[in-house]
Amino acid sequence: MTQQPTWRRTHTCGELRPTHVGAIVTLNGWVQARRNLGGIYFLDLRDRYGLTQVVIPEAIGESVKLGPEYVLSVRGKVSARVGSQINNERATGGVEVIAEAVEVLSSSPPPPIDLSGSTETSIETRLKYRYIDLRRPAMQRNLAHRSRFINAMRRAFEAQGFLEIETPILTKATPEGARDFLVPSRVHPGEFYALPQSPQIFKQILMVAGLDRYFQVARCFRDEDLRADRQLEFTQLDMEMSFVEEEDVFSTWESVLRDTFRDAMGIELALPFPRMRWEEAMERFGVDKPDLRFGLELHAADEWAKSCEFQVFRSAVSSGGRVMGLTVAASHNLSRKDITELEALAKGIGAKGLAWWKAGVAGGSGPLAKFCATSEAARALMAAMGAAEGDTCLFIADRKSLTRKVLGELRNQLGRRLDLIPKSNGPTDPAQWRFTWVTHFPLFEWDEDARRYFSAHHPFTAPEDWSLDGALEGKEPDLGQLSSRAYDLVLNGWELGSGSVRIHRADVQQKIFSLLGIGPEEQQRKFGFFVEALSQGAPPHAGFALGLDRTTALTLGLDNIREVIAFPKTASAVDLMCDAPSQVDPEQLVEVHVRCVVPAPSPDSTPTASATPSAPPTASAPPTASATPITGAPPGAMPTPNPAR
RNA sequence: GGGGACGUAGCUCAAUCGGUUAGAGUACCGGCCUGUCACGCCGGUGGUUGCGGGUUCGAGUCCCGUCGUCCUCGCCA
């Protein structure tokens, strides 16, 4: 046995209990706080597992600086705390370690982030010093939860015979959908890989290959603008299975989610989740991701509107639009000011106005009252709106899609403002987890700007009618009317994931491409390999992918996925810690055959903070790199005039 | 690309109608303190008010531009 002292820990900072009293232990961790009372010196040592109080003898305390966030190895004897010394707020509060030797493993300046939890640091500072932010117990809890959740899900899929199979990160650009991230090829000048928006084609080909059941924790990349619930790169639990249809996918996921919620959180989900066709979701809630935790459903007033004297309502219906509304119970005391604010919101979304009526058999009040003068008309409208005396009805009259959209948004707003979402009885309350499947999304959506149809889900989605309403036989169907076999999983107003029954027939797949305006030559170039695969023994198959960032955030009660991603980017797609993206050496561009063309920076916008660091400039930021619009190109190759010269 | 909010000490914030030397809490440093655990008490250091212009006798405050952060619309098959 060696007597050599060592810094290596014998216990974690969350481990010691009164049963350890008397033991000689070594703890490793960060200095969380110091309390020097003169003759006695306390120090809290922190690691992922908890906080332990260390008593520092005067001799040690005076001989070595132990600053905040210093990393220490403390050897000492576990001592019981008695009476008022016991701290019941901490798991380790019954004991403390009397230090006999302290080794400073690492020092630190005072941290830019408050780790005691007393003040909330700006997200900007948190992202810049993410390594310190991630020391916070809240962030460690979030990442631990994410890890447990994903691992539970892995076990659940494995238990059902799914194989975890990796697919390429460097792959082929996809023509439709989100913007691709491109990666230039060094070996093939002028050619590019794309990062996958999802493993879609690969997982379908795995089905063609007979793997039968696939899943993967898959990173996906989409070069679109960020949001609180969207990052450039995000993680999906992606899966696909053969010889199945919708209900097989649903029941697989329901049992996986049941097991996952049970294992990771001790929550028993209520199964099965309700199923709802897209059309029903839109008609009842105005959105394709309804929050089922509260009512306030949309009511159709089209029949009433048809025969009323209000010209706006009548013309909306007669021109093919809708008149629909929400009924807010009288007990909520919706004020004129509230209605004015809601109208502004509605107009912001595109509504021309917001009609309202305070319901009453005697005609009620508000702008619509004069059209409800007869008790017959008033009663009919109350019936259509499910309104009682004194309730406030809010109406939108417009084309169908806009009417639903506006009312769906108003419903969600009112749900928050009127506090309609019931207070949960803790996370184990099944009423808090209102999952629903939304099925039969439209197959195509009209894009007004591009003047053509796009796939609502993706072009590999099976149509509800395999004949495509006769299109396969050469007829011309109304593409806007076709229904698909795509589905979403929705939880409390969030879209957690989506999937579909896929097209496994080459002829149908080719027809879909044609209907989307992708001609035979383009099909061959972009999807030839895929259609060929479908033609060589493809089984019927279906799949789904669950957004893990959203799901883990939601299951922690958080509304921003940054809180469950170790190294997220800002709303402008910047990694503040690494300062990515950044310029690269001209030689690197030459090597991948890329010439960089950027607008010349205006004199005022020359970066000051990043371009003039106190450290000497490095090779990656040559003085010329920010002053010329072209890097890695010979002078004279400038394709655009420089307005600054 | 559009809209809104914000940017002041390491951190979180204040600063009246444009008016004295830009303050507070916290952190940090020093002193005192033997049972604290957000220790306490006393003292101190710490500021290009994001950056650049402009208006003004005078700008943290008003105007223009710009950069950054957040939310959001477009966008996200």
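Here the structure is a predicted model, which means the values were calculated and not measured.

Caption draft 1: The arrangement of the protein's contact with RNA strand B in detail. In the vicinity of RNA strand B there are 53 residues, among which R81, G177, E224, S455 and H457 approach most closely. Within 4 Å of the protein, the atoms of RNA strand B are drawn from sugar and phosphate moieties in a proportion of 53%. Contact distances for RNA strand B include 3.5 Å between a phosphate oxygen and a side-chain N or O atom of K405. In terms of residue count, strand β1 (residues 24-36) provides more of the surface near RNA strand B than any other element does, three residues in total. Of the residues in the surface near RNA strand B, the class split is 15 nonpolar, 21 polar and 17 charged.

Caption draft 2: The arrangement of the pattern of salt bridges in detail. Enumeration over the complete set of coordinates arrives at 44 salt bridges. K569 is the partner of E233 in a salt bridge, and the nearest nitrogen-oxygen pair spans 3.1 Å. One end of the pair, E233, is in strand β10 (residues 233-242); the other, K569, is in the loop between α15 (548-555) and α16 (586-591), with 336 residues separating them in the sequence. Its relative accessible area of 16% is what places K569 among the buried residues. Overlapping salt bridges bring together R126, R130, D133, R136 and E563 as one network.

Caption draft 3: A look at the sheet that holds strand β12 (residues 299-300). Sheet architecture is open: four strands sit in the order β12-β13-β15-β14, paired in antiparallel fashion. Strand pairing shows two members of the sheet lacking a second neighbour, β12 and β14 (355-358), which therefore form its edges. Relative to strand β15 (residues 392-398), strand β13 (residues 322-328) runs antiparallel, the two being bridged by seven bridges. Within β15, the residue paired with R322 across the bridge is D398. On the sheet, helix α10 (residues 336-349) packs against β14 and β15 and is oriented at approximately 20° with respect to β15.

Caption draft 4: Structural detail: α10. Taking 1.5 Å per residue, 14 residues should reach 20 Å; α10 reaches 20 Å between its end C-alpha atoms and fits that length. All buried positions along α10 are accounted for by I339, L342 and A346. Along α10, the residues classed as buried sweep out an arc of 65° about the axis, all on the same side. Exposed residues lying more than 90 degrees from the buried face of α10 are K337 and G348. Residues of α10 that are buried sit in contact with β14, β15 and α12 (400-417). G350 sits one or two residues past α10 and shows a positive phi near 130°.

Caption draft 5: Highlighting a negative patch on the surface. Residues D465, D469, E473 and D478 make up a contiguous surface patch of negative charge. Structurally, E473 can be placed in the loop between β18 (452-455) and β19 (486-491).

Caption draft 6: Representation of the packing of helix α13 (residues 506-515) against helix α14 (residues 520-534) in the model. One way to put it is that α13 packs onto α14 with a least axis distance of 9 Å and a crossing angle of 160°. Classed by the angle they form, the pair α13 and α14 counts as roughly antiparallel. In this structure, the crossing between α13 and α14 has a hand that is right-handed. Where α13 approaches α14, its residues A506, Q509, Q510, F513 and S514 are matched on the opposing element by Q523, F527, F530, V531 and L534. Taken together, the residues of the contact of α13 with α14 break down into six nonpolar, four polar and no charged.

Caption draft 7: A look at α12. The terminal C-alpha atoms of α12 lie 26 Å apart, and with 18 residues this matches the ideal 26 Å at 1.5 Å per residue to within 8%. At the exit of α12 stands D419, carrying a positive phi of roughly 60°.

Caption draft 8: Looking closely at unusual backbone geometry. Put simply, L271 and P272 share a cis peptide bond, and its omega is -10°. Look at the link from A580 to P581: it is a cis peptide, with omega at 0°. Looking at the element boundaries, P581 is found in the loop between α15 and α16. The backbone of H593 shows a phi angle near 60°, a positive value even though the residue is not glycine. You can see H593 is positioned in the loop between α16 and β22 (596-597).

Caption draft 9: Structural view of the side chain of K569. One polar contact links K569 to E233, side chain to side chain, over a distance of 3.1 Å. For K569, the contacting residues outside a window of four places in its chain are L226, Q231, L232, E233, R562, V574 and D575.

Caption draft 10: A look at the packing of helix α5 (residues 200-208) against α14. As a packed pair, α5 and α14 sit with axes 10 Å apart at the nearest point and diverge in direction by 25°. For the element pair α5 / α14, the angle class is roughly parallel. When you trace α5 past α14, the crossing you get is left-handed. On α14, the residues touching I201, Q204, I205 and V208 of α5 are F527, F529, F530, A533 and L534. Of the residues contributing to the contact of α5 with α14, the split by class is eight nonpolar, one polar and no charged.

About the criteria used
Residues numbered from 1 in each chain as written. Chains lettered and ligands numbered in written order. Predicted model: local features only at pLDDT ≥ 70, side-chain atom pairs only at ≥ 80, totals over all residues. Heavy atoms only, no water. Near = heavy atom within 4 Å. Polar contact = N/O pair within 3.5 Å; in protein donor to acceptor, adjacent residues only side chain to side chain. Helix = DSSP H or I, 4+ residues; strand = E, 2+ residues; numbered from the N terminus. Nonpolar A, V, L, I, M, F, W, Y, C, P; charged D, E, K, R; others polar. Salt bridge = Lys/Arg side-chain N within 4 Å of Asp/Glu carboxyl O. Buried < 20%, exposed > 50% of the residue type's maximum accessible area, 1.4 Å probe, protein only. Pairing = 2+ DSSP bridges. Contact = heavy atoms within 4.5 Å. Axes fitted to C-alpha atoms, helices over the stretch in contact; angles between N-to-C directions. Expected span 1.5 Å × (residues − 1). Arc of directions from axis to C-beta. Patch = residues over 30% accessible without salt bridge, like charges linked within 9 Å, V, L, I, M, F, W, Y side chains within 5 Å. Areas by Shrake-Rupley, 256 points an atom, 1.4 Å probe, with all protein chains shown as cover. Lys, Arg positive; Asp, Glu negative; His and termini not counted. Charge placed at Lys NZ, Arg CZ, Asp CG, Glu CD. Parallel < 35°, antiparallel > 145°, perpendicular 65-115°, else oblique. Left-handed = near helix turned anticlockwise from the far one by under 90°.

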